[in-house]
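Fold and geometry: a report
These are the residues of each chain, in order.
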Amino acid sequence: MAVTTNAFEMAQQQFDHVATLLKLDPQVREILRWPLREYHFRIPVRMDDGSIRVFQGFRVQHNDARGPSKGGIRFHPAETIDTVRALATWMTWKCAVADLPLGGGKGGVIVDPATLTINEKERLARGYIQQIWKNIGPRNDVPAPDVGTTPQMMGWMMDEYSRLAGCYTPGVITGKPVGGGGSLGRTEATGYGVIYAVREAMRYLNLEPSSCVAAIQGFGNVAQYAATGFIDQLKGKVACVSYWDRADRTSYTVSHPGGVDPRFLVTITDQYGSIDKSAARANGYLIEDGNAWIGKEADVLIPAALEGQINAETVKLVNERVKIIAEGANGPTTPEADEALKDSGIFLLPDFLCNAGGVTVSYFESVQNDMNFYWTRDEVLQRLDTRMTIAFEGVLEMALQEKVYMRDAAYMVAIARVVKAMELRGWI
Ligand code: GLU
């Protein structure tokens, strides 16, 4: 069996598959299977010791027929242009499936942020904007946080853009800190959005949430709020989460026989995402192999780390109790694993539907920035819940009507909306 490891090949394979099902016009297909624009640039940064290091940066705008490009900026040591292309493409589908008036974009810098001091991070964040500011903006392309970037970095980036543009422009970037142009509810939005989607899937499958167990991969922003949401809102149990250990360069699963307490785990997790293992063990936690999460006896699997985690090999480990896979990460499942999942009957909440909560509240943030009027946290989360529920229902309806896999149904809904916008604008 061929193994897909390149994320952009994966995004194109998924798209091609549905384009064929839809008998999409070959010219339209040609427009959509590649990003419309991409920028490659070098970012010289003065380090604290006085030396200068040059970082490679990217910003990719896949499609902006429905509105300004939208999507995060990743700081990751293994970043590649193909990963950014894939993620930008998925953002187009994500904004369309959530019915946001936005297109798809993504940015990246090849860097391990854990190796930078706070001042170096600020200079790199500002340097990124100095290189790209003429090609982004509230009506062109609006970045946001993603893997390796934080609300504070978004605050610096917004400040740098405002300085260069000569006027305060909070709507150029979302995911900013609250009090600095950010929206209440943005931090928890992606993880909670995953839980709203899981709740709807459980309703459809007639599962009782409080008797369900979830196994989560990752313990970053998405995983943390998915874990608290699963426990607080659904009253279910979380069997495990997982970590990447920078020092050992290995991942491991952290589980607890009685269910993990994510709020406690946060207190023993450092700012780079590594856990204090002895504190975990002292509190009854087990430290297991990195792939252990996927084999857990759970009803719901939530991959909320990086792309390519459920692949031809790891899919064989999925426990037979699993009924739902909720993709909190972008691109966690490879096309080979998808084939196995289709046969298994497991209900899939595909990434660009399941994790659309983050960009949905980013959209709310930019609306609040434009109005200069801010909503309460409850108002934000209520609107998020409504939007996630409507997006879920639209994709489920398509899956049932066309008798297709949920990922293909999500693509069908998204592609139809983007194609319609291109038609209405006279592009095709
Ligand atoms: N980076 C997040 C995502 O992949 C959020 C993007 C945004 O808020 O624009 O959906």
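Before any of the text, the structure's been laid out above.
From a predicted model like this one, the values you see are computed outputs, not experimental measurements. (Residues numbered from 1 in each chain as written. Predicted model: local features only at pLDDT ≥ 70, side-chain atom pairs only at ≥ 80, totals over all residues. Heavy atoms only, no water.)

1. Some points on the overall build of the protein
Each helix and strand in the protein was counted, giving 14 helices and 12 strands. Rg of the C-alpha trace for the protein: 20 Å, near the compact-globule value of 22 Å for 428 residues, within the 12% margin. Along the first, second and third principal axes, the C-alpha set of the protein runs to 55 × 55 × 45 Å. Long-range contacts, defined here as pairs at least 24 residues apart, represent 72% of the contacts in the protein between residues at least 6 apart. (Helix = DSSP H or I, 4+ residues; strand = E, 2+ residues; numbered from the N terminus. Rg over C-alpha atoms; globule rule 2.2 N^0.38 Å. Contact = heavy atoms within 4.5 Å.)

2. Observations regarding the pairing of strand β1 (residues 37-46)
Bridge count between β1 and strand β2 (residues 52-63): 10 bridges; the pairing is antiparallel. Its bridge partner lying in β2, Arg42 is registered against Gln56. Taking the residues that link successive antiparallel strands as the turn, the β1-β2 hairpin has five residues, and the phi of Gly50 there is positive, at about 95 degrees. (Pairing = 2+ DSSP bridges.)

3. Re the sheet that holds strand β4 (residues 104-110)
Taken together, the five strands give an open sheet; going across it, the order is β1-β2-β4-β3-β5, and neighbouring strands pair in mixed fashion. Each edge of the open sheet is held by one strand with a lone partner, namely β1 and β5 (141-145). Each strand of the sheet is rotated relative to its neighbour by a mean of 25 degrees, with strand direction disregarded. In terms of strand pairing, β2 meets β4 through six bridges, oriented antiparallel. (Axes fitted to C-alpha atoms, helices over the stretch in contact; angles between N-to-C directions.)

4. A short note on the sheet that holds strand β12 (residues 347-349)
Strands sit in the order β9-β8-β7-β6-β10-β11-β12 across an open sheet of seven strands; the sheet is mixed. Where the open sheet ends on each side, the last strands, each with one partner, are β9 (286-289) and β12. Sheet twist, expressed as the mean angle between neighbouring strand axes with direction ignored, is 20 degrees. Pairing analysis gives six bridges linking strand β7 (residues 237-245) to strand β8 (residues 250-255), with the strands arranged antiparallel. Opposite Ser242, over in β8, you have Thr253 as the bridge partner.

5. With respect to the side chain of Asn63
Along the chain, Asn63 turns up in strand β2. Asn63 sits in the buried class, given a relative accessible area of 2%. Among all residues touching Asn63, those that are not within four sequence positions of it are Leu32, Leu36, Ser69, Thr92, Gly103, Gly104, Val418, Met422 and Trp427. (Buried < 20%, exposed > 50% of the residue type's maximum accessible area, 1.4 Å probe, protein only.)

6. Quick notes on the site of the ligand
In the neighbourhood of the ligand, 14 residues make up the surrounding shell, with Lys70, Lys94, Lys106, Asp146 and Ser362 lying closest. Contact distances for the ligand include 3.1 Å between an oxygen atom and a side-chain N or O atom of Asn330. Measuring from an oxygen atom of the ligand, one finds a side-chain N or O atom of Ser362 at 2.5 Å. For the ligand, whose free accessible area comes to 300 Å², the fraction covered by protein is 94%. Of all elements in the fold, only β3 (69-76), α3 (81-97), β5 and α12 (357-371) reach the threshold of two or more residues within the shell around the ligand. Its residues assigned to classes, the shell around the ligand shows four nonpolar, five polar and five charged. (Near = heavy atom within 4 Å. Polar contact = N/O pair within 3.5 Å; in protein donor to acceptor, adjacent residues only side chain to side chain. Areas by Shrake-Rupley, 256 points an atom, 1.4 Å probe, with all protein chains shown as cover. Nonpolar A, V, L, I, M, F, W, Y, C, P; charged D, E, K, R; others polar.)

7. Re α3
Because an α-helix packs 3.6 residues into every turn, residues spaced three or four apart end up facing the same way. For α3, with 17 residues, the first-to-last C-alpha span of 24 Å sits near the 24 Å given by 1.5 Å per residue. Burial of α3 is extensive: 16 of the 17 residues sit out of reach of the surface. Directly after α3, the chain includes Asp99, whose backbone phi takes a positive value near 55 degrees. (Expected span 1.5 Å × (residues − 1).)

8. Things to note about the nonpolar core
Leu32, Trp90, Trp93, Phe230, Leu265 and Leu349 are the most contacted members of the largest nonpolar core, which totals 93 residues. At 12 residues, the largest contribution of residues to this core is made by helix α14 (residues 406-424). Setting aside its immediate chain neighbours within four residues, Trp93 contacts Phe15, Leu32, His62, Phe352, Tyr411, Ala414, Ile415 and Val418. One finds Phe41, Leu116, Val172 and Ile173 within the second-largest nonpolar core, a separate group that totals 24 residues. (Core = buried A, V, L, I, M, F, W, Y, C linked by side-chain atoms within 4.5 Å.)

9. Things to note about the packing of helix α6 (residues 186-205) against helix α7 (residues 221-232)
Close contact between α6 and α7 brings their axes to 7 Å; oriented N to C, the two are set at 50 degrees. Judged by the inter-axis angle, α6 sits oblique to α7. In the crossing of α6 with α7, the sense of the turn from one axis to the other is right-handed. Counting all contacts with α6, which are made through Thr187, Glu188, Thr190, Gly191, Tyr192, Val194, Ile195, Val198 and Met202, the residues of α7 involved are Asn221, Val222, Tyr225, Ala226, Thr228, Gly229 and Phe230. Considering only residue class, the contact of α6 with α7 consists of nine nonpolar, six polar and one charged. (Parallel < 35°, antiparallel > 145°, perpendicular 65-115°, else oblique. Left-handed = near helix turned anticlockwise from the far one by under 90°.)

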